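Structural features, examined
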Amino acid sequence: MKRRLAARIAGTVLVTAGTVAALTVPATATAPTAVPVAGTLLEAMQRDLGLTEQQALDRLALESAAQRTESTLRGALSDAFGGAYFDSATGKLVVGVTDAARAEQVRAAGAEARQVAFSAAQLNGVVDGLNAGKALAPEGVTGWYASSKQNAVVVTVKPGAAAEAAQFAQAAGALTDAVRVVESQEQPKTLMDVIGGNAYYIGSGARCSVGFAVDGGFVSAGHCGNAGDSTSEPSGTFEGSSFPGDDYSYISVGSDDTPKPAVNDYSGGTQAVAGSSEASEGASICRSGSTTGWHCGTVEAKNQTVQYQEGTVEGLTRTDVCAEPGDSGGSFISGDQAQGMTSGGSGDCSSGGTTYFQPVGEALSAYGVSLLTQ
């Protein structure tokens, strides 16, 4: 088993935090009814993903259909479900199956079937095992995540730390055949700044960004403040906050403030929030934050564990959208579906980078609040 993991490390390539090349939906793809979106979201997708307006509309429609198909097949395939991702080159959802006999079931649902070695449950089990052993992780390990496209758990490390990562995976008792070690220039950090959807200010002036409006207030990042901390613009109070481990918070606001189901598009308008259906791996996604405004990219992986200097956070989603300090807590949205709140990342919006978000559903469940929708 150790030999096989060593072989995976030997084949590792060096990656950087640069921007990812734009992908397009083929003109021949047949799209279902388009998802209603604000024009400025389309403009951001055109700028950051290199799409025409029609290609952006087609992609959003195809991704919306993929979300529904993935949800259905995840339950129907059960233990044979090997993860799924949206292939922007074909406009189709690709679904992994560990049992070749289930491939026809995938095709009948309109998706492309792909036989894989590991189920999604196995990959997430590896992530859970690494999380349980995170105290053993050396400084050179920056995080780990389950990748449906690679059908592997990717452990990211600083250049030269691959051997240490292998030892960590083995010491944690992980299914090492499912582990791939990748050297990366990423150096994740949280994105709160002392100078920040909309900005809000904590205590003496630290700035973060509003995530999503909920009944009685809004959700944001946990590292932005602690329970009992006060906020201004809008005036409120942190009713709860979880960081590290998670990275979410709930801030209640007074009766003079009116939470609305919308995200600031930083061009004088807003993007409506209609729900919180989870986007597929590979789907387009956009982010709003008080430092850099609107930026778009794609979902790279889910169930990402990140080792920040302040502590380890589990269960994040990895994207290639850029962000900068002050964007923390801000909205990640796919079409009109809320996805999560900006946690942290590496790089910036001049050179590109990697940004992680806390899925919104966990925060809603933790505090028993409901997302406001139109």
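Residues numbered from 1 in each chain as written. Predicted model: local features only at pLDDT ≥ 70, side-chain atom pairs only at ≥ 80, totals over all residues. Heavy atoms only, no water.

Just so we agree on the cut-off: UniProt positions are given in the numbering used here, feature names are shortened, and annotations may be inferred rather than shown by experiment.
Looking up the protein chain in an unreviewed UniProt entry gives the name S1 family peptidase, with the organism given as Saccharopolyspora rhizosphaerae. The record held by UniProt for the protein chain lists under Sequence similarities (unreviewed entry) the comment "Belongs to the peptidase S1 family."

1. A look at the sheet that holds strand β1 (residues 81-87)
To be explicit about the condition: Should DSSP find at least two bridges between two strands, the strands are taken to pair. In DSSP terms, a helix is any run of H or I states spanning at least four residues, a strand is any run of E spanning at least two, and both are numbered starting from the N terminus. Each axis is a line fitted through C-alpha atoms, and for a helix only the stretch in contact is used; angles between axes span 0 to 180 degrees, taken between their N-to-C directions. Whether two residues are in contact is decided by their heavy atoms, any of which lying within 4.5 Å being enough.
As summarised here, the arrangement of the three strands in space is β1-β2-β3, forming an open sheet in which the pairing is mixed. Looking along the sheet, the strands with just one partner apiece sit at the ends: β1 and β3 (112-115). Averaged over neighbouring strand pairs, the angle between their axes works out to 25° when direction is ignored. Relative to strand β2 (residues 92-97), β1 is paired through five bridges, and the arrangement is antiparallel. By the bridge assignment for β2, phenylalanine 86 is matched with leucine 93. Together, β1 and β2 form the strand contacts of helix α3 (residues 53-77), whose direction differs from that of β1 by roughly 175°.

2. A look at the packing of aromatic side chains
As a reminder, the rule being used: We call Phe, Tyr and Trp rings a pair once their centres come within 6.5 Å, taking the six-membered ring for Trp, and we label the pair stacked below 30 degrees between planes, edge-to-face above 60, and tilted otherwise. Throughout this description, buried means an accessible area under 20% of the type-specific maximum (1.4 Å probe, protein chains only), exposed means over 50%, and partly exposed covers the range between.
Under the definition given, this model contains seven aromatic pairs. Between phenylalanine 243 and tyrosine 308, the ring centres sit 6.3 Å apart and the planes meet at 40°, which makes this aromatic pair tilted. Within this pair, whereas phenylalanine 243 is found in the loop between β13 (236-242) and β14 (248-253), its partner tyrosine 308 is found in strand β18 (residues 293-308), the two being separated by 65 residues in sequence. A relative accessible area of 24% means that phenylalanine 243 is categorised as partly exposed. Look at tyrosine 308 and you get buried, because its relative accessible area is 5%.

3. Quick word on the nonpolar core
The test is simple: As used here, the term nonpolar core means buried Ala, Val, Leu, Ile, Met, Phe, Trp, Tyr and Cys residues forming a set that is joined through side-chain atoms within 4.5 Å. Where a domain begins and ends is set by an automatic assignment or by a domain database.
Residues Met45 and Phe212 are the most contacted members of the largest nonpolar core, which totals 26 residues. Looking at this core, the elements with two or more residues in it are α2 (39-49), α3, β10 (212-214), β14, β18, β21 (337-348) and α7 (360-367). Sort the elements by how many residues they give to this core and α2 lands first, with five residues. When residues of this core are sorted by domain, at least three fall in each of domain 1 (43-115) and domain 3 (189-373). Core analysis: the next-biggest nonpolar cluster, separate from the first, contains 21 residues, Phe118, Val141, Val153 and Phe168 among them.

4. A look at the pairing of β3
Basically, it comes down to this: Handedness of a crossover is defined as follows: with both strands directed away from the viewer, a clockwise route from the first strand across the helix to the second makes it right-handed.
In this structure, β2 lies alongside β3, joined through four bridges in parallel fashion. When the sheet's bridge partners are listed, valine 97 is paired in β3 with glutamine 115. Handedness of the crossover joining β2 and β3 through helix α4 (residues 103-108) is recorded here as right-handed.

5. A closer look at the UniProt feature "active site" (unreviewed entry) in the protein chain
The positions UniProt marks with the feature "active site" (unreviewed entry) are His223, Asp247 and Ser328. Despite a sequence span of 106 residues, these residues sit close together in the fold, their greatest C-alpha distance being 10.0 Å. Considering the arrangement of structural elements, one finds histidine 223 in the loop between β11 (217-220) and β12 (230-232). Among the residues examined, histidine 223 registers a relative accessible area of 11% and is labelled buried.

6. A word on the sheet that holds β12
Across the sheet, seven strands lie side by side as β9-β8-β12-β13-β14-β11-β10; this open sheet has antiparallel pairing. Each edge of the open sheet carries a strand with a single partner, namely β9 (206-209) and β10. Taking each pair of neighbouring strands and ignoring which way they run, the sheet shows an average axis angle of 35°. The sheet contact formed by strand β8 (residues 199-202) and β9 spans four bridges and is antiparallel. Paired with tyrosine 201 across the bridge in β9 is arginine 207. The strands touched by α7 within the sheet are β10, β11, β13 and β14, with β14 carrying the most contacts at an inclination of about 60°.

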